[in-house]
Amino acid sequence: ADFLVSTMGVPTDRVQLIEQNANATKIRLAVAALGQSVREGGVAWVYFAGHGGASLDGGARMLLGDDVSQDPESFDAGGVLVS
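So, a few notes on the structure that sits alongside this text. (Residues numbered from 1 in each chain as written. Predicted model: local features only at pLDDT ≥ 70, side-chain atom pairs only at ≥ 80, totals over all residues. Heavy atoms only, no water.)

**A closer look at the pairing of strand E2 (residues 61-64)**
Remember that side chains alternate between the two faces of the sheet whenever the strand is regular. Operational definition: Type-normalised accessible area, obtained with a 1.4 Å probe on protein chains alone, sets the label of each residue: buried when under 20%, exposed when over 50%, and partly exposed for intermediate values. Each helix corresponds to a stretch of at least 4 residues labelled H or I by DSSP, and each strand to a stretch of at least 2 residues labelled E; elements are numbered beginning at the N terminus. At least two DSSP bridges between two strands are required for those strands to pair.
Burial along E2 is one-sided: Met62 and Leu64 are buried, and none of Arg61 and Leu63, which face the opposite way, are. By the bridge criterion, 4 bridges tie strand E1 (residues 51-54) to E2 in an arrangement that is antiparallel. Residue pairing across strands places Gly52 opposite Leu63, the latter belonging to E2. The loop that links E1 with its antiparallel partner E2 comprises 6 residues; one of these, Gly58, has a positive phi angle of about 105°.

This is how it looks when you write it as structure tokens:
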């Protein structure tokens, strides 16, 4: 967030930082809201600092929220697919 504001010049009201309880629901809601706020032809940036994994059902890549355990069985329920 600091980099976007201080280095890239992005206004602070255009940056959303999820620091606490960044679970799959919060991640999905934030990305959906971002998608709605970008005009046609605009650019949206998403930076994710966390863990990723692969779905046990087909190997799809996913972002793992902070509520996902280290057990790969929990990835599909708590992960966000990267497409």
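Anyway, onward from the coordinates.
**A few points about the sheet that holds E1**
As a reminder of what qualifies: Here the axes come from fitting lines to C-alpha atoms, over the contacting stretch only for helices, and the angles between their N-to-C directions go from 0 to 180 degrees.
Here 3 strands make up an open sheet; going across it, the order is E1-E2-E3 and the pairing antiparallel. In this open sheet, the two strands that pair with only one neighbour each are E1 and strand E3 (79-81). Strand-to-strand twist in this sheet, taken as the mean axis angle between neighbours without regard to direction, amounts to 35°.

**Comments concerning the environment of Ala30**
Definition in use: Should any heavy atoms of two residues lie within 4.5 Å, those residues are considered in contact.
By the secondary structure assignment, Ala30 is in helix H2 (residues 24-37). On the basis of relative accessibility, which here comes to 15%, the residue Ala30 falls in the buried class. Distance in space between the C-alpha atoms of Ala30 and Gly79 is 14 Å, their sequence separation being 49 residues. Not counting residues up to four positions away in its chain, the partners in contact with Ala30 are Gln16 and Ile18.

**A look at the side chain of Ser55**
To keep things clear, this is the line we draw: Counting of polar contacts relies on pairs of N or O atoms within 3.5 Å, with two restrictions inside protein: one atom must be capable of donating a hydrogen and the other of accepting it, and residues adjacent in sequence are counted only when both atoms are side-chain atoms.
If you trace the backbone, Ser55 turns up in the loop between E1 and E2. Within the structure, the side chain of Ser55 is placed 2.6 Å from the side chain of Asp76, a separation counted as a polar contact. In this structure, Ser55 is in contact with Ala60, Met62 and Asp76, ignoring residues within four places of it in sequence.

**Considerations on H2**
Quick note on the threshold: Each helix should span, by expectation, one fewer than its residue count multiplied by 1.5 Å. Relevant arc is that of directions from the helix axis to the C-beta atoms, nothing else.
The terminal C-alpha atoms of H2, which comprises 14 residues, lie 20 Å apart, in line with the 20 Å expected from a rise of 1.5 Å per residue. All of the buried residues along H2 are Ala24, Ile27 and Ala30. One face of H2 carries all of its buried residues, which in axial projection span an arc of 135°. Projecting away from the buried face of H2 at angles above 90 degrees are the exposed residues Leu29 and Gln36. Taken together, the buried residues of H2 touch helix H3 (75-78) and E3. Measuring from the backbone nitrogen of Thr25 back to the side-chain oxygen at the start of H2 gives 3.1 Å, which picks out Asn23 as the cap.

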